[in-house]
Amino acid sequence: MVLVNGVLGFAQEAKAEQAVAALARLTTASANVLRDGRAQRVQGTELVCGDVLLLGEGDAVGADARLLRATSLRVQEASLTGESQAVLKDPATLHGMPALGDRINMVFKGTVVVQGTGLAVVTATGMQTQMGAIAHMLEATPAEATPLQQEVARLGRMLGLAVVAISIVVIATILLMTEIRNARDVIDVLLLGVALAVAAVPEGLPAILSVVLALGMQRMARHKAIVKNLSSVETLGSASVICSDKTGTLTRSEMTIERVVTASGSVYVTGVGYAPVGRLEHEGLELAAGSLRQEQIVLLSGGSLAGNAQLHRAEGGAWEIHGDPTEAAFLVAERKLGIHQRREKRFERIGEIPFSSERKMMSSIAIDHEHAEARVLITKGAPDVLLGRCSHARVGMEAVPLTDLMRRQILADVDAMSDAALRTLAVAYRPLAPGEDWQAGDSMENQLIFVGSVGMIDPPRPEAKVAIAEARRAGIRVIMITGDHPRTAARIAADLGIVAAGETALTGNDIDALDRAAFAAAVQATSVYARVSPAHKLRIVDALQAAGHIVAMTGDGVNDAPALKSADIGVAMGITGTEVSKEAARMILADDNFATIVQAVREGRHIFENIRKFLRYLLSSNMGEVLTVFLGVVGAGVIGLSSGSGGQVVLPLLATQILWLNLVTDAWTALAMGIDPPTDDVMARKPRHMNERVIDARMWVGVVQIGLVVALASLLTMDLYLPGGLIEGSQNLDTARTAGFTVLVFAHLFNCFNARSDSISAFHRLFVNPWLWGALSLSALLQIAVVHLPFLNLAFGTVPLTLTQWLVCAAMGSSVLWFSELRKLLHRAMHPENRYKGKPA
């Protein structure tokens, strides 16, 4: 066990080193800097505070830096903050201490510039950066042993002590209760003690446990859950809390326009994701011809023109985008309206005014081939800002002057969509006058005609909602932890059933304002967290564990790595996950799907149930062997088992017979039970508590009771054939011992059916495991061989039995089945609420 713990500790240290090494590889990059008045390219390790970074599209940021200037600068910070959308940066001064995801005047080491340019002064390098802080947390976070590892270690210590005690007691009892005449008697007693020690220990447990866990690992892999080490296979089944990221795991990571509002009304867009399947509906009906449809055509076509994204169908049939997901959402909605081909033929883009953080909009200039090659300016941007540039509004086929009432209504509609956690964008346009300079830049963005606004969202995965409902049925609490906006997080959580509608998210700033006691209380009551940092995620996981929960944590970014490592089982994303998160996690989702986690929980519970099955079987069977020898010696005079001639000790079983029992009835039968299908609905029960033992008090009572019945059945059979005792017999010692030995084998085989559940009848789903029936048949054939083959008779001290004697042995062996059935019947009568309803096996 010390060796195992040492290997485990070494593996955990290696795992931490691999995670930190992956983090170092991720953050090693070169950077363009301004030194001595000229641009230079240096390695990221050579950056110092005060260096001025020159940022451009595609650059990896080499240090934490404060922006001095930014032009349309967008930075992808998903690996650091969890925010799926690229962040628009602004060098303006911020007040207070905003959350990491809201520090828009900063750029951070390890992030990537996806658009625009910027100038920034380095404020932190190396381990002083936000990435460095994560590396510190990774090294400082201990990797805990899994609950199964802890339980197996505890069981090993307990069984080791029990075996020594049993051997000493049995040997001492035999020495005291029998007449020892020579050294051979002492040797026989000691050999029996050793054999009993072997019998008492389920020596096949490590191998069987490894095989069962390996098979469970294979089944999980078929469900897209890749487990990195055997001991973690069962852990997810014990989870009482699943902390999940939002983007890509609970949501599709595909921005979708959900609502479109124009002057003539509001339209809902059905369908989700990038596949252009769905329609536009008004008041529950498909959008018909008229003013509202004309406005929708102008808005969606205009939004598609004012962007650079592309939408196409891949070879496998799936729809893919290239470019900004927000811009792609317009292309999808336009296809749902069926107007994209007309727009592509009618308009030809000839120019663009890029987005900037100061203007909060972008524009395209296009030639209208249906109107004498006229040029038109199409603008897309923040609704409140864009509205300020408009003088008219599109109503049907006409442009009418904007009134104050119309402006208030437009802003009210935008606020309503924002309250529903939708991201809003507006579209406007203006025909350019003949001869107007279409290359005049942003000075053209005035006197625009406002068309309308759209509300979009990254929609929840439909299978995630079903999976969350299944998790809740299983007594598992699901918590969303995201770097996204609090309002968006709360909306998605409500849609998925994680929280009730109207509940709010706890933000990183809220967490910082709480003391330890208040935070511990908040963790018990809060299921949605937003705008959190890596340190916050780690605190949430640690607080849940301190409250007695077994925590599963999902994540895909560098920011998730410390919490993934600290959780009882960290689950990384296989598609979108960074190498850092994969190294820190114990399980990887090949499809990034939350539903896969719940399926893995089901498999983990099934594995734990089967572990209890074969432990119940092995321990109760071994207990029967020990009690047979012990009671046979203590009650030798009662059952007619007395000292034979020659001064030798007479024992109920020989040492070789005990070893044969272990060989024939332990290994393959226990292994077959390890792959037994579930006897009940494992997801209908609550998670087991972290302090709940694999072998609890009720199981120990059952083990002793079954062992006692096995021993009594074997000894009574021997008494049946021996002269004297309670039942007068007429057979010799060899026949009686062979019969008792055979009863033990039959009792073990019948006990296989008992051990499949501690409360459900053995006849429930009796034939679902062909491997078990095969193992039982093999064991029975081997027992017939050891009784009837002469060379085995000589080796194991057996003699052939008659058919009647075989039937008697089978009947006596079956007594363990009928006793167990009576015991389960009484249990179900005392606990009717658990009758076939997912109670633990």
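Data block above holds the structure.
Right, let's walk through the structure included here.

What counts as what
Residues numbered from 1 in each chain as written. Predicted model: local features only at pLDDT ≥ 70, side-chain atom pairs only at ≥ 80, totals over all residues. Heavy atoms only, no water. 1 Å grid on protein atoms, 1.4 Å probe; cavity = no way out; pocket = protein on both sides within 12 Å on 5 of 7 lines; lining within 4 Å. Points joined across faces, edges and corners; volume = space filled by probe spheres on them. Helix = DSSP H or I, 4+ residues; strand = E, 2+ residues; numbered from the N terminus. Nonpolar A, V, L, I, M, F, W, Y, C, P; charged D, E, K, R; others polar. Buried < 20%, exposed > 50% of the residue type's maximum accessible area, 1.4 Å probe, protein only. Polar contact = N/O pair within 3.5 Å; in protein donor to acceptor, adjacent residues only side chain to side chain. Contact = heavy atoms within 4.5 Å. Pairing = 2+ DSSP bridges. Axes fitted to C-alpha atoms, helices over the stretch in contact; angles between N-to-C directions. Phe/Tyr/Trp six-rings, centres within 6.5 Å; stacked < 30°, edge-to-face > 60°. Lys NZ or Arg CZ within 6 Å of the ring centre and 35° of its normal.

Enumeration according to the criterion identifies two cavities of 30 Å³ or more in this entry. Its boundaries defined by the atoms lining it, the largest cavity holds a volume of some 100 Å³. For the largest cavity, the lining is made up of 14 residues, of which Arg616, Ile706, Asn754, Asp758 and Arg823 are closest to its centre. Secondary-structure elements contributing two or more residues to the lining of the largest cavity are helix 20 (594–634), helix 23 (697–721), helix 24 (733–754) and helix 28 (815–830). Here the lining of the largest cavity gets four residues from one element, more than from any other, and that element is helix 23. Taken together, the residues of the lining of the largest cavity break down into four nonpolar, six polar and four charged.

Looking now at the side chain of Arg430. Relative to the helices and strands, Arg430 resides in strand 21 (residues 423–431). The class for Arg430 is buried, based on a relative accessible area of 13%. Polar side-chain contacts of Arg430 include one of 2.9 Å to the side chain of Glu436. Beyond its immediate chain neighbours, meaning those up to four positions away, Arg430 contacts Val376, Leu377, Glu436, Met444, Asn446, Gln447 and Leu448.

Attention now goes to the sheet that holds strand 8 (residues 225–227). Strand order in this open sheet of eight strands is 8-28-27-26-9-23-25-24, and the pairing throughout is mixed. Two strands close off the open sheet at either side, each with one partner strand: strand 8 and strand 24 (506–507). Where strand 24 and strand 25 (residues 528–530) come together, two bridges link them in parallel fashion. Each bridged residue has a counterpart across the sheet, and for Thr507 the counterpart in strand 25 is Ala530. Seen against the sheet, helix 14 (residues 486–496) touches strand 23 (477–481), strand 24 and strand 25 and runs at an angle of roughly 155 degrees to strand 25.

Quick look at the packing of aromatic side chains now. Scanning all chains against the criterion turns up five aromatic pairs. Taken together, a centroid distance of 5.2 Å and an interplanar angle of 15 degrees make the contact between Phe767 and Trp773 stacked. Phe767 sits in the exposed class, given a relative accessible area of 64%. Directly above the ring of Phe355 sits Arg74, whose terminal nitrogen or CZ lies 4.8 Å from the centroid. Across the ring face of Phe519, the terminal group of Arg539 is positioned such that the distance to the ring centre comes to 4.2 Å.

Honestly, that's just the spatial picture; any functional story needs more than this.
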